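Structural description and commentary
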Amino acid sequence: MKVLDRLEEWLITFLIGAATLLIFVAVVHRYSLDMSAEWGWDVIYDWLFEINLSWTQELCIYMFVWMAKFGAAYGVRTGIHVGVDVLIINLPEWARSKFVIFGLLAGALFTGLVGSFGANFVWHLAHTDQITPDLEMPVWIVYLAIPLGSFLMCFRFLQVAWSFIRTGELPRHEHAHVEGLDEEVERAQATGQPEPVFLGEAVRLAEEREHIHGGHREEPEQTPPKGPESNGRGENRP
């Protein structure tokens, strides 16, 4: 299972990184072409004009589509999808568990249906000669993200449902959690080295320490007001 998790993470990282790099190169190329034409750099303009980067926009769109499909499956596994659970949280424990399982199975059913229809669509599309406008690659390769991403998302829903049935816990995403630190902690415990402290844990400990010692803070002494009705020692004048 860890192999699938790492493959999913590496695929998402590669897609978003490569798409960002392509967009950056295309923007720099376009502005460099305009600047060389404006300033009269004919040699640089001719050299840049021969570089065709019109295909980058289409490729980046397809990469973001693939990233979104596999990123949705990653979100189910890690629990980062936004959900309104105010009503479910206030339900009794036995009712809450049933609603959570129903929601997870409904998500698995929906994504399974989308994946099945998508696979059927891609199968028929693969028997045609349709190609993309700029890249001129078979269109069915682009639409292959629908069945693959949907089936992976369906599997993640079933995985989370099975884990919830066994443990009663749903995956929670901590914003202060950093991927890979768990392995660092295990390696530090095995070698006897100091363990790295999670940012979220450090913040929690600091808040607890402040809460504990907050009630024991010494209040600054207040100087009695000096005025026409005070003699400077906090006693009212007769």
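Attention here is on the structure that accompanies the text. (Residues numbered from 1 in each chain as written. Predicted model: local features only at pLDDT ≥ 70, side-chain atom pairs only at ≥ 80, totals over all residues. Heavy atoms only, no water.)

**So, the overall build of the chain**
The cut-off we apply is this: By the criteria applied, helices consist of DSSP H or I runs no shorter than four residues and strands consist of E runs no shorter than two, each listed in order from the N terminus. In this scheme, a residue with accessible area under 20% of its type's maximum is buried, one over 50% is exposed, and one in between is partly exposed, where area comes from a 1.4 Å probe on protein chains only. Should any heavy atoms of two residues lie within 4.5 Å, those residues are considered in contact. Areas reported here follow the Shrake-Rupley algorithm with a probe of radius 1.4 Å; residue values treat only the protein chains shown as occluding.
A count of helical and extended segments in the chain gives nine helices and zero strands. For the chain, the α and β elements follow one another from N to C terminus as α-α-α-α-α-α-α-α-α. Within the chain, the proportion of its 238 residues that are buried is 25%. Sequence-distant contacts in the chain: of pairs separated by 6 or more residues, those separated by 24 or more amount to 67%. Of the accessible surface of the chain, which amounts to about 17900 Å², a share of 64% is contributed by carbon and sulfur atoms.

**A word on unusual backbone geometry**
Here Glu136, not a glycine, exhibits a phi torsion of approximately 55°, which is positive. Relative to the assigned elements, Glu136 resides in the loop between α5 (93-125) and α6 (139-143).

**Examining the side chain of Asp5**
Along the chain, the position of Asp5 falls in helix α1 (residues 2-39). Residue class for Asp5 comes out buried when judged on its relative accessible area of 11%. The contact partners of Asp5, leaving out residues within four places of it in the chain, are Arg77 and Arg156.

**Things to note about a nonpolar patch on the surface**
Here is the rule: Each patch is assembled from residues with relative accessible area greater than 30% and no salt bridge, linking like charges that lie within 9 Å and nonpolar side chains (Val, Leu, Ile, Met, Phe, Trp, Tyr) that lie within 5 Å. Salt bridges are counted wherever a side-chain nitrogen of Lys or Arg sits within 4 Å of a carboxyl oxygen of Asp or Glu.
Side chains of Ile16, Ile23, Val27, Tyr31, Met35, Trp39, Trp41, Val43, Ile44, Trp47, Ile51 and Phe64 sit close together on the surface and give an oily, nonpolar patch of about 1200 Å² of accessible area. Elements that contribute at least two residues to the nonpolar patch include exactly α1 and α2 (42-49). Among the elements that line the nonpolar patch, the one with the most residues is α1, at six residues. Its place among the elements puts Trp39 in helix α1.

**Description of the packing of aromatic side chains**
We apply this condition: Under the pairing criterion, centres of Phe, Tyr and Trp rings, with the six-membered ring standing for Trp, must be within 6.5 Å; the plane angle then separates stacked pairs below 30 degrees from edge-to-face pairs above 60, leaving the rest tilted.
This model, assessed by the stated rule, comprises four aromatic pairs. Ring centres of Trp39 and Trp41 lie 5.0 Å apart, and the angle between their planes is 70°; on these two criteria the pair is classed as edge-to-face. Note on Trp39: relative accessible area 49%, which makes it partly exposed. Between Trp66 and Phe70 the ring centres are 5.9 Å apart and the planes differ by 15°, which places this aromatic pair in the stacked class. Residue Trp66 and its partner Phe70 are located together in helix α3 (residues 55-78), separated by four residues, close to a single helical turn.

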